[in-house]
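Close look at the chain arrangement
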Amino acid sequence: MHRMTAMLAFLALFGLLTGCQADKAQNWDYGKSFHAVFDNQKIPPAPGDDTPVVGMDGEKAAMAYDRYQKAKPSEKETAPNSILNITKGQ
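What counts, and at which threshold
Residues numbered from 1 in each chain as written. Predicted model: local features only at pLDDT ≥ 70, side-chain atom pairs only at ≥ 80, totals over all residues. Heavy atoms only, no water. Helix = DSSP H or I, 4+ residues; strand = E, 2+ residues; numbered from the N terminus. Buried < 20%, exposed > 50% of the residue type's maximum accessible area, 1.4 Å probe, protein only. Areas by Shrake-Rupley, 256 points an atom, 1.4 Å probe, with all protein chains shown as cover. Salt bridge = Lys/Arg side-chain N within 4 Å of Asp/Glu carboxyl O. pLDDT = per-residue confidence, 0-100.

**So, the overall build of the chain**
Along the chain, the regular secondary structure elements total four helices and zero strands. Listed by position from the N terminus, the elements making up the chain come as α-α-α-α. Across the 90 residues that make up the chain, the buried fraction comes to 0%. Entry remark: accessible area of the chain is about 9800 Å², with carbon and sulfur atoms responsible for 62%.

In structure tokens, the structure reads:
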């Protein structure tokens, strides 16, 4: 009787383990979709053409830089406001 119980326990354990193994065989490509997302975001390299790069001329660049410098906020505007106002002599 003891031998029969041990044999049934072994067969039950074997059946459970083979059931888990069958599940792993179906998920063999784990992570493939994760890497496919990044592969699809790559831009295929294309040969360059001979068209010249058109940029900004010097006068327009100088005017843009001047506007940028004038639009910079002053230190008084960027100073943090204190929550408590502490004054001396009161």
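Once you've had a look at it, read on.
**Some thoughts on the pattern of salt bridges**
Counted by the stated rule, this structure contains one salt bridge. Between aspartate 39 and lysine 42 there is a salt bridge; the shortest N-O distance is 3.6 Å.

**Notes on the confidence of the model for the chain**
Confidence in the prediction of the chain, expressed as mean pLDDT, is 77, and 70% of residues score 70 or more. Put simply, helix α4 (residues 75-78) is where the chain has its lowest mean pLDDT, 65, and helix α3 (residues 58-70) is where it has its highest, 91.

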